[in-house]
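# Descriptive analysis of the structure
Here is what each chain is made of, one letter per residue.
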Amino acid sequence: MILKNRLLLFVVLLFSIVVKAQQGPGRERIKTLKVAFITEQLNLSSKEAQKFWPVYNDHEEKMDIIRQKERTQFGRRFADMSQITSKEADNMVAAFTKLQAEKHQLEQSFIKNLQGVLPSIKIIKLFRAEENFKKRLLQQIRKRRGGG
């Protein structure tokens with residue numbers, strides 16, 4: 001019961017900080033909160049954490065590069081599709097497919113690297129923790145904007 005209350009307090013604190021973090025230099029604060037959330041959810045030993053975080057951070061940096069490519073290549077182009085030619089659409093589909101393959105390959109490599117660092121149960125918990133963090137972050141953003 002005490003652990004449940006602590007976890008609840010942690011989550012409430014986490015998301016109140018997230019709301020404030022978005023008012024300042026948001027990205028870094030959100031990353032810090034994400035690290036805290038993942039650490040809490042995975043209950044990493046110091047030995048696991050020492051091996052895990054370099055692998056995780058490397059993966060996140062590579063994913064950020066791919067996400068930046070997506071925004072650059074598709075962000076504005078998808079906004080107004082009324083003037084697009086068939087050839088441009090073909091090129092966009094090919095580029096999109098290439099980026100998706102890159103993402104998939106990166107995820108496969110990440111999982112393989114994690115298997116040398118964490119037991120499978122913690123790898124599954126990591127995926128779940130990342131999804132839960134995203135959901136809660138989006139909920140806080142919606143609340144802040146008055147949409148939820």
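Counting restarts for each chain: residues are numbered from 1 in the order of the written sequence. It should be noted that, the model being predicted, local features are given only for residues of pLDDT at least 70 and side-chain atom pairs only at 80 or more, the latter also being counted only at that level, while totals for whole chains, interfaces and linings use all residues. Only hydrogens and water are set aside when side-chain values are computed; all heavy atoms of the structure are taken into account.

Another point: the nonpolar core. Among soluble globular proteins, nonpolar side chains are generally buried collectively. Here, nonpolar core means buried Ala, Val, Leu, Ile, Met, Phe, Trp, Tyr and Cys residues that are tied together by side-chain atoms lying within 4.5 Å of each other. Exposure is judged per residue with a 1.4 Å probe applied to protein chains only, and the accessible area is read against the type maximum: over 50% gives exposed, under 20% gives buried, and values in between give partly exposed. In terms of nonpolar packing, the biggest core is built from 20 residues, with Ile-38, Leu-42, Phe-52, Tyr-56, Leu-114, Leu-118 and Leu-126 touching the most fellow members. We count a stretch as a helix when DSSP gives it H or I for four or more residues in a row; a strand needs E for two or more, and each element gets its number in order from the N terminus. With 6 residues, helix H5 (residues 120-145) is the single largest residue contributor to this core. Listed in part, the 6 residues of the second largest apolar core include Met-63, Ile-66, Met-92 and Leu-99.

When pLDDT is averaged along the chain, the result is 83, and 78% of the positions lie at 70 or above. Across the chain, each position has a pLDDT score giving the predictor's confidence in that residue, from 0 to 100. We call two residues in contact whenever any of their non-hydrogen atoms come within 4.5 Å of each other. Considering only residues more than four positions removed or in separate chains, one finds that residues 7-23, a stretch of pLDDT under 50, has 26 contacts.

So, about the packing of helix H3 (residues 46-75) against H5. In this analysis an axis means a line fitted to C-alpha atoms, helices contributing only their contacting stretch, and an angle means the value between N-to-C directions, from 0 to 180 degrees. Their axes nearest at 14 Å, the elements H3 and H5 cross at an angle of 50°. As far as their axial angle goes, H5 and H3 are oblique. For the crossing formed where H3 meets H5, the hand is right-handed. Of the residues in H5, those in contact with Glu-48, Phe-52, Tyr-56 and Glu-60 of H3 are Lys-122, Leu-126 and Glu-130. Ten residues, namely Ala, Val, Leu, Ile, Met, Phe, Trp, Tyr, Cys and Pro, are considered nonpolar, four, namely Asp, Glu, Lys and Arg, are considered charged, and the remaining ones, Gly among them, are considered polar. Looking at side-chain class alone, the contact of H3 with H5 contains 3 nonpolar, no polar and 4 charged residues. The scheme is simple: roughly parallel for angles under 35 degrees, roughly antiparallel for over 145, roughly perpendicular for 65 to 115, oblique for anything else. Handedness of a crossing is defined here by the sense of rotation of the near helix relative to the far one, left-handed for an anticlockwise turn of less than a right angle and right-handed for a clockwise turn.

Further remarks concern the layout of surface pockets. Taken as a whole, the largest pocket holds about 820 Å³ of empty space. Taken together, 26 residues make up the lining of the largest pocket; nearest its centre are Lys-34, Tyr-56, Glu-60, Asp-64 and Arg-67. Broken down by element, the residue count for the lining of the largest pocket peaks at 11 residues, all from H3. For the lining of the largest pocket, the per-class residue count stands at 11 nonpolar, 3 polar and 12 charged. Throughout, the protein atoms alone are placed on a 1 Å grid, and a set of points is a cavity if a 1.4 Å probe fits but cannot get out or a pocket if it is open with protein on both sides within 12 Å along at least five of seven lines; lining residues have an atom within 4 Å of a point. Grid points are joined across faces, edges and corners, and a volume is the space filled by probe spheres set on the points.

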